[in-house]
Amino acid sequence: MGTENPNRPSFPARPAATPFAAGPQPTMPFLSSGPVVGSQASGFRPTPSSTPQAAMPFLSSGPVVGPETSGFRPTPPGRFSDPSLPSVPSANAPPTLGPFQRFTTPQNPSTAQAPPARPLPVGQPVFPPPVQPPAGQVPPVSFRPQSQLPSVPMGSPPQSMNSAPLRANAPQPLLDSSFSASRPPFQPSFLPPESTYPAARANLQPSFPGYPSKQSNAVPQAPAVQSPFLTQQGGYAAAPPTSSPPFLAQPGGYIPPPPVAAPLGLHSREQMQHPGTGPPIGAVQGLIEDFSSLSVGSVPGSIDLGIDSKALPRPLEGDVEPNSFAEMYPMNCHSRYLRLTTSGIPNSQSLVSRWHLPLGAVVCPLAVPPDGEEVPIVNFAATGIIRCRRCRTYVNPYVTFTDGGRKWRCNICSLLNDVSGDYFSHLDAIGRRIDLDQRPELIKGSVEFVAPTEYMVRPPMPPLYFFLIDVSLSAVRSGMLEVVAQTIRSCLDELPGSTRTQIGFITFDSTIHFYNMKSSLTQPQMMVVSDLDDIFVPLPDDLLVNLSESRSVVETFLDSLPSMFQDNVNLESAFGPALKAAFMVMSQLGGKLLIFQNTLPSLGVGRLKLRGDDLRVYGTDKEHALRLPEDPFYKQMAADLTKYQIAVNIYAFSDKYTDIASLGTLAKYTGGQVYYYPSFLSIIHKDRLRHELSRDLTRETAWEAVMRIRCGKGVRFTSYHGNFMLRSTDLLALPAVDCDKAFAMQLCLEETLLTTQTVYFQVALLYTSSSGERRIRVHTAAAPVVADLGEMYRQADTGAVVSLFCRLAIEKTLSHKLEDARNSVQLRLVKAFKEYRNLYAVQHRLGGRMIYPESLKLLPLYALALCKSTPLRGGYADAQLDERCAAGYTMMTLPVKRLLKLLYPSLIRIDEYLLKPTAQADELKRLPLVAESLDSRGLYIYDDGFRFVIWFGRMVSPEIAMNLLGQDFAADLSKVSLYEHDNEMSRKLMGILKKFRESDPSYYQLCHLVRQGEQPREGFFLLANLVEDQIGGTNGYADWILQIHRQVQQNA
């Protein structure tokens, strides 16, 4: 973790009576913002009966007649219900755990009876009778919009719609007994007739081609008619055609169509206590009465829990960088360098205690600048860098000049500093320096200072690359050795540092091989050390050489390396001794150590053994130890490497267990990263390895760096999360850092009450550039201090909150069970939404709805995706131990945008684009991550930033398949590689993939081809990653929302 107190829990302690393991609780439908329809049905009057009673679930709008199915969930439709599709293998199906537990099915579903006809008030539309499906069938329950009845224009509101309780042999409905029945009269708003909502589906057609819904015992559904709503500013688009539900747009709001059925098992307390009884359905008036209570102002977002899953918020536009922050303070650094979880800083400890989300920042100091911008370089030369003499803040746009320009006041600590003669400038009439245009440091939030000699402990180091390569049998057979040697050779011209760059090599199996590459030699000399207990370095001065001087020797070595070990049959790995040898060679200068590891370390110091195959450990308090380094040797080595400015990048390739938990420690504490290639085969994975190794070698790197973040009086950063070594309470040691690394930190208040109006933050990264210049990159930002919790929510940044959530949850898995880490995410989410609900529920009469801030509308979805991500999901069967640990190390370093893409990947349909000659790539739209989005006639790309999955529907046009796959169009796709064929369609597809890769080149997406119904590939690569669906016992998006809402309402 890098924090000073790693044993301190990152999350609030889990309460004894945890909400996650609890049985079914009363829940309430979940509503969107805007003019909002009323709360839910009132207290129950249970009638003892031998059979369950039909009851009316609550809709967001419009009168409803007839029973609605509820409380019963047939097999989830669409996904694995197609008899032609085998289910996803059990290896991908996690045990039911914690927050994802599914509820049991009622044992007595039977056919419901329609309610008796009764007169409606004059002027009301007449509803058609409910359509009864054939006996033995049940309509699919999937939170989807239903096929439509004719839309009915709104008439005058009913004055009374009470009816006597009805009894029917229907399963129990989803109701909440905690709300009163009395409601004010109904006053409708109007939209054009074509914008009415779709009514309930009567016919039971498959949801989409190729994925028909399974049907069982009949439970009829009543058609429902919904009233349209007025549109207000913000939120979602208003009133689409009847095929899609119109959204009521307000800050954070939308109103979905009526519920098809309630989720299984979510019954009220009375129903759980009296299973044979149910509430009456008479108070239909309660469905339509809250209109008169609305204020058409800034209502918080809310969702009606009769969820239509298509109306739920999704990040289909990707990460939207916050701009309100920049508008308030235009001289702030760009948000890609520094993002606060909320740009409204709380003014008191009491406010902090009510903000249950992480309070902090995500920093990416070397992020690629926005298009068209560059970070200006400032050289003060003889003047020296201008800094506050007390707090050492660098001069920035928020300092103020006084006394005719002779003094300046520090914005962090408020000290008055003298202005040196070389930096003096007169002030204009409003107190600004007249040379402002020539001073980038006074008008730009991001700037880079050239550091003088006093900022150097030693002369600037040259860029140094040292390669530690496993040459055991598996490394040679997989082709790894050949690809690595070829890639390094191809990058020699592009290594940063020009003539200063240093390079060196060690290879190892059961012995350690050093290479003398002195420039006077015609070919390298290999020296073998077999004594692993007493490592020494032969010819220490000739193992690291200047690349430009020894270029021919290095090229000769790389050309001959694969053949040198092609007959090697050694299975052992003396990794620990080899690592010590590399450290001894590099310790004089520092640099970047690239480790290529193919075999579990088996000899000498640091040898490791197989772990993780004891199933009894999982789910116990000992489980987390599997995710920690087994041998303290690795953490101690990491500390030594950092001390000598050596960063470690791990490339792990094995098809067997290699203990990434231990090896990754080297990268974690040295500012490096872990690249994981399970079951590496060069014919399949060479492009990915070639790209990622090339980028690692050629991207601009900051060497021997340290980073500190200063902040204004009364606040301070308390914990740091990412890959680094914490050198003091607030100084991060980073032997090497680049644009692909981000760091997160948590903030606290030092004072009970902040008296300032603005808090300032300044990130300072002192580093050596590849050209040998010592520089300081400085990012400065200001944020307002607020006294209102609602304002903190309004200025929240979902991306930054998710980044901190992610790092905290992954760190929690290192000291707790996976289930505890998932529960901690859910608990903080529930607490935050409960606190927000308390602010607005009474004021806006949003009784039964889930209320959320517009700024955090995507947080529940990202939290669900995080709980389903590789480091956190399921248990033993859901991810290999190495895969889980590698994903955890990777996600700890990702910048916000890339992390959000990994959590909620892109799903794009491309067959229509390929068939249309005039189609543009810009027209491609992202789709929700649900199986419903997949049409068996289509071709789709799934892109999570780390891999492409290209999904061929079973009914996709043969023309497309033949053009893209050539002669392999009917073959097993696991054996087919995608490459460009000589036709326009193939060129267009490869062009799209190239464009996606170029949009973020930090990793390389390898293509995996999947055909619909091809198991287990389809389940592993795609279906198990559709985060909105129910997967192997985990919640789907709609169920997750209901679960969050149920817990928010408990003791609300």
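Look up a bit, the structure's there.
Conventions and cut-offs
- Residues numbered from 1 in each chain as written.
- Predicted model: local features only at pLDDT ≥ 70, side-chain atom pairs only at ≥ 80, totals over all residues.
- Heavy atoms only, no water.
- Salt bridge = Lys/Arg side-chain N within 4 Å of Asp/Glu carboxyl O.
- Helix = DSSP H or I, 4+ residues; strand = E, 2+ residues; numbered from the N terminus.
- Buried < 20%, exposed > 50% of the residue type's maximum accessible area, 1.4 Å probe, protein only.
- Pairing = 2+ DSSP bridges.
- Axes fitted to C-alpha atoms, helices over the stretch in contact; angles between N-to-C directions.
- Phe/Tyr/Trp six-rings, centres within 6.5 Å; stacked < 30°, edge-to-face > 60°.
- Contact = heavy atoms within 4.5 Å.
- Patch = residues over 30% accessible without salt bridge, like charges linked within 9 Å, V, L, I, M, F, W, Y side chains within 5 Å.
- Areas by Shrake-Rupley, 256 points an atom, 1.4 Å probe, with all protein chains shown as cover.
- Left-handed = near helix turned anticlockwise from the far one by under 90°.
- Nonpolar A, V, L, I, M, F, W, Y, C, P; charged D, E, K, R; others polar.
- Parallel < 35°, antiparallel > 145°, perpendicular 65-115°, else oblique.

### Side note on the pattern of salt bridges
Here the idea is simple: oppositely charged side chains can pair when their charged atoms come close.
Now for step 1: A full pass over the atoms with the stated rule returns 44 salt bridges.
Now for step 2: Of the charged contacts, one joins Arg551 and Asp493 as a salt bridge, the two residues approaching to 2.8 Å between their closest N and O atoms. With Arg551 in helix H6 (residues 551–564) and Asp493 in the loop between helix H5 (480–491) and strand E11 (502–508), this residue pair connects regions lying 58 residues apart in the sequence.
Now for step 3: Judged by its relative accessible area of 22%, Arg551 is partly exposed.
Now for step 4: When the shortest N-O distance is used, the salt bridge between Arg937 and Asp935 registers 2.9 Å.
Now for step 5: Here Arg937 falls in the partly exposed class, since its relative accessible area comes to 44%.
Now for step 6: Residue Asp935 is classed as buried on the basis of its relative accessible area, which comes to 11%.

### A look at the sheet that holds strand E28 (residues 947–952)
Now for step 1: As summarised here, the arrangement of the four strands in space is E26-E27-E28-E29, forming an open sheet in which the pairing is mixed. Because the sheet does not close on itself, it has two edges, and the strands there are strand E26 (906–909) and strand E29 (1006–1011). Between one strand axis and the next, the sheet turns by 20° as a mean value, whatever way the strands run.
Now for step 2: Strand direction decides the pairing type here: strand E27 (residues 939–943) and E28, joined by five bridges, are antiparallel. Opposite Ile941, over in E28, you have Ile950 as the bridge partner.

### So, the packing of aromatic side chains
Now for step 1: For the structure shown, the criterion picks out 31 aromatic pairs.
Now for step 2: Considering the side-chain rings of Phe505 and Phe557, the 4.8 Å spacing of their centres and the 50° angle between planes classify their relative orientation as tilted. Pair noted here: Phe505 is in strand E11 and Phe557 is in helix H6, with a separation of 52 residues, a long-range link. Neither Phe505 nor Phe557 differs from the other in exposure class; each is buried.

### Details of the sheet that holds strand E6 (residues 400–402)
Now for step 1: If you trace the three strands from one edge of the open sheet to the other, you get E6-E7-E8, paired in antiparallel fashion. For this open sheet the edge positions go to E6 and strand E8 (416–418), each flanked by a neighbour on one side alone. Taken over all neighbouring pairs, the strand axes of this sheet differ in orientation by 35° on average, direction set aside.
Now for step 2: The sheet contact formed by E6 and strand E7 (residues 407–409) spans three bridges and is antiparallel. If you follow Thr400 over to E7, its bridge partner there is Arg409.

### Describing the environment of Leu929
Now for step 1: Among the structural elements, Leu929 can be located in the loop between helix H17 (911–915) and E27.
Now for step 2: Judged by relative accessible area, Leu929 falls into the buried class, the value being 0%.
Now for step 3: A sequence separation of 22 residues divides Leu929 from Leu907, and the C-alpha atoms of the two residues are 6.7 Å apart.
Now for step 4: Setting aside its immediate chain neighbours within four residues, Leu929 contacts Tyr904, Pro905, Leu907, Tyr942, Asn1025, Leu1026, Val1027, Glu1028 and Asp1029.

### What to know about a nonpolar patch on the surface
Now for step 1: Where nonpolar side chains cluster on the molecular surface, the patch consists of Met526, Val528 and Met564 and spans about 250 Å² of accessible area.
Now for step 2: Along the chain, Met526 turns up in strand E13 (residues 525–529).
Now for step 3: What makes Met526 partly exposed here is its relative accessible area of 40%.

### So, the packing of H5 against helix H10 (residues 682–698)
Now for step 1: Between H5 and H10, whose axes approach to 9 Å, the crossing angle comes to 35°. With respect to the hand of their crossing, H5 and H10 are arranged in right-handed fashion. Between H5 and H10, the residues in contact are Val483, Val484, Gln486, Thr487, Ile488 and Cys491 and Ser682, Lys686, Leu689, Arg690, Leu693, Ser694, Leu697 and Thr698, respectively.
Now for step 2: For the contact of H5 with H10, a count of residues per class yields seven nonpolar, five polar and two charged.

### Remarks on the packing of helix H13 (residues 818–840) against helix H21 (residues 1037–1049)
Now for step 1: Relative orientation of the contacting elements H13 and H21 amounts to 60°, with a least axis distance of 9 Å. Here H21 runs oblique to H13, going by the angle between their axes. In terms of crossing hand, the pair formed by H13 and H21 is right-handed. Facing Gln826, Leu829, Val830, Phe833, Lys834 and Arg837 of H13, the residues of H21 in contact are Trp1040, Gln1043, Ile1044, His1045, Gln1047, Val1048 and Gln1049.
Now for step 2: Looking at the contact of H13 with H21 residue by residue, the classes come out as six nonpolar, five polar and two charged.

### A short note on unusual backbone geometry
Now for step 1: For the bond running from Gln1015 to Pro1016, omega is 0°, close enough to zero to count as cis.
Now for step 2: Within the chain, Ser414 stands out as a residue other than glycine whose phi angle is a positive 70°.
Now for step 3: Among the secondary structure elements, Ser414 is positioned in the loop between E7 and E8.
Now for step 4: What makes Ser414 partly exposed here is its relative accessible area of 43%.

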